[in-house]
Amino acid sequence: MSNMAADWYLIDEVEQLDSPALVFYQERITANIEKLKQHIPAINRLRPHVKTHKTVEITQQLLAAGITKFKCATIAEAEMLGLCKASDVLLAYQPVGPKIDRFIQLIKTYPDTVFSCLIDNESSLKEIAHAATVSGVVIPVFLDLNVGMNRTGILPDEHALALYETAAAEKGVEILGLHAYDGHIHDADYALREKQAAVILASIDKLTRQLVGKGMAEPVIIAGGTPTFPIYAKLDSIECSPGTFVLWDKGYQDAFAEQDYLTAALVITRVISLTSATKITVDLGHKAVAAENLLKKRVYFLNAPTAEAVSQSEEHLVLELGSGHGFRIGDILYGLPVHICPTVALYGSANIINNHKLTEGWKIISRERKINI
């Protein structure tokens, strides 16, 4: 089967699949992993984020492809990576409260994995360092820089320099480098993204030169997500953390034309009511597809491209199709989510499609807040 075939998404005996359902297309996932490797000169600079897929099976495929470093956002995602024996895992989050003890438990439970985390203030640094010292471990940390997201991180100025120096002198932690997430950069215009990224790179470079000037080792730099991946991939000094590439979605497909990944995850839904002469209702409510975007920008139907969302509630989605649409009760619609990451998190498992056939199911294991630890 060609990945580019117009009917790539059709599933044999789809009537046996209950709805709503999440489906992953194995051939396309494999192709996307290979594309990712082709888009960067050195594979050891890849540190993909697992928040998109949250599965052991895709993690294992990434490991088999030679990718050994990962990034994650939750303790459960970190534990999933530990279960897979990934060698290097950054928890791109600053653990606070009970998460500090859970993080230390991860370090002790999964010795094959080196776990690191973020810090952005002296109070958290001291608390993490104290807990590590009491527990007899040393925790690798990265300084989280606020480069425009304005949610966490410290501005890359003299205060960041001072905090880095403090961390370097602190027992119980080992500071390795700088982390800069630029999720606020998502313009469709590549040149504009490049211009915005240049400002961030200049601030990181200045801080790096200051650190080296003070006699410290050159920091490891982990930067960006999917939108700026093509920019940072060209720079030998940066580890890159794309995540959405592995499944892709309608939002990124429309916005980032320069990245030719294949959409590899859909939501399957059924017509459950013929609402009027021009409208139908399907079983794809808030609980089945990410609903943070405007109503008309949540899902696109591959086999009903003109369908327009009219309303959505917890278990229902009403679509306007116009007269003569031809859909009947029980008909299947193949939905391409606009935002796949939070959509995946709504499901306990994904149905795996290979060559149009349903072959197995994968547990979305790290959608849970806790696996074991």
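First, a word on what this report is: a plain description of the structure on this page.

Here is what the cut-offs are and how they apply
- Residues numbered from 1 in each chain as written.
- Predicted model: local features only at pLDDT ≥ 70, side-chain atom pairs only at ≥ 80, totals over all residues.
- Heavy atoms only, no water.
- Buried < 20%, exposed > 50% of the residue type's maximum accessible area, 1.4 Å probe, protein only.
- Helix = DSSP H or I, 4+ residues; strand = E, 2+ residues; numbered from the N terminus.
- Contact = heavy atoms within 4.5 Å.
- Phe/Tyr/Trp six-rings, centres within 6.5 Å; stacked < 30°, edge-to-face > 60°.
- Lys NZ or Arg CZ within 6 Å of the ring centre and 35° of its normal.

### Remarks on helix 3 (residues 75–83)
Here's step 1: Helix 3 sits mainly inside the fold: eight of its nine residues count as buried.
Here's step 2: Those residues of helix 3 that sit buried are Ile75, Ala76, Glu77, Ala78, Glu79, Met80, Leu81 and Gly82.
Here's step 3: On its buried side, helix 3 packs onto helix 2 (56–64), strand 2 (69–72), strand 3 (88–91), helix 4 (98–109) and strand 4 (114–119).
Here's step 4: Positive phi shows up at Lys85, right after helix 3, with a value of about 60°.

### Here's the deal with the environment of Gly324
Here's step 1: Relative to the helices and strands, Gly324 resides in the loop between strand 13 (317–320) and strand 14 (332–337).
Here's step 2: Here the alpha-carbon distance between Gly324 and Gln259, two residues 65 residues apart in the chain, equals 37 Å.

### Comments concerning the packing of aromatic side chains
Here's step 1: Following the criterion strictly, the structure yields nine aromatic pairs and no others.
Here's step 2: Between Trp8 and Tyr25, the aromatic rings sit 5.0 Å apart at their centres with planes inclined by 75°, giving edge-to-face as the arrangement. Of the two residues, Trp8 sits in the segment before strand 1 (21–25) while Tyr25 sits in strand 1, which places them 17 residues apart along the sequence.
Here's step 3: Between the aromatic rings of Phe24 and Trp362, the centroid separation amounts to 6.3 Å while the plane-to-plane angle is 70°, which identifies the pairing as edge-to-face. In this pair, Phe24 sits in strand 1 while Trp362 sits in strand 16 (residues 357–363), placing the two residues 338 residues apart along the sequence.
Here's step 4: On the basis of relative accessible area, Phe24 is assigned to the buried category, the value being 0%.
Here's step 5: Following the ring pairs from residue to residue traces out a cluster consisting of Phe245, Trp248, Tyr252, Phe256 and Tyr261.
Here's step 6: Geometry around Trp8 places Arg28 over its ring, the cationic atom sitting 3.6 Å from the centre.
Here's step 7: Looking at Lys250, its charged tip hangs above the ring of Tyr300, at a distance of 4.2 Å from the centre.

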